[in-house]
Amino acid sequence: MNLHAPDADGVIVYARGLLSCSVCAPVAMSPEDVQAEVNRLRPSGTEAGWVRPPDETFSGGEPIPCPCNELPGRQHWLFEC
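Reading the values: the criteria
- Residues numbered from 1 in each chain as written.
- Predicted model: local features only at pLDDT ≥ 70, side-chain atom pairs only at ≥ 80, totals over all residues.
- Heavy atoms only, no water.
- Helix = DSSP H or I, 4+ residues; strand = E, 2+ residues; numbered from the N terminus.
- Contact = heavy atoms within 4.5 Å.
- Core = buried A, V, L, I, M, F, W, Y, C linked by side-chain atoms within 4.5 Å.
- Buried < 20%, exposed > 50% of the residue type's maximum accessible area, 1.4 Å probe, protein only.
- Salt bridge = Lys/Arg side-chain N within 4 Å of Asp/Glu carboxyl O.
- Phe/Tyr/Trp six-rings, centres within 6.5 Å; stacked < 30°, edge-to-face > 60°.

Caption draft 1: Structural view of the side chain of Gln75. In this fold, Gln75 is placed in strand S4 (residues 74-80). Those residues in contact with Gln75 that lie beyond four places of it in its chain are Val23, Cys24, Ala25, Pro26, Val27, Pro65, Cys66, Pro67 and Cys68.

Caption draft 2: Region of the structure containing the nonpolar core. By size, the foremost hydrophobic cluster in this structure holds 14 residues, and its most contacted members are Val11, Cys21, Val23, Val34, Val38, Trp77 and Phe79. Elements with a contribution of two residues or more to this core: strand S2 (20-26), helix H1 (31-41) and S4. Residue contacts for Val23: discarding those within four places in its chain leaves Val11, Ile12, Val13, Tyr14, Val34, Val38, Gln75, His76, Trp77 and Phe79.

Caption draft 3: Structural view of the pattern of salt bridges. All chains considered together, the criterion is met by one salt bridge. Of the charged contacts in the structure, one is a salt bridge between Arg40 and Glu37, with a shortest N-O distance of 2.7 Å. With a gap of three residues between them, Arg40 and Glu37 both fall in helix H1, about one helical turn apart. For Arg40, a relative accessible area of 55% puts it in the exposed group.

Caption draft 4: Representation of the packing of aromatic side chains in the model. If you walk through the whole model with that rule in mind, you get one aromatic pair. Where Trp77 meets Phe79, the ring centres are 6.3 Å apart and the plane angle is 20°; that geometry is what we call stacked. In this structure, Trp77 and Phe79 share a single accessibility class: buried.

So this is what it looks like as structure tokens:
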């Protein structure tokens, strides 16, 4: 993941598949704001757009959101469609 992008102050989409999207965002952003920004940056193409999954953990068991391992003051989120 390269989080040293020019837009590193906002939401960074670092992985996107057909049904899921992982992002890094400032901890100060609300879940609703992160979700809105992900849908603006990388629309899913579905009617509902990207939504937070009902399971509140990543596949490795880390909570959603979890602290970013590269940049302080940021956290990782998972969304699905």
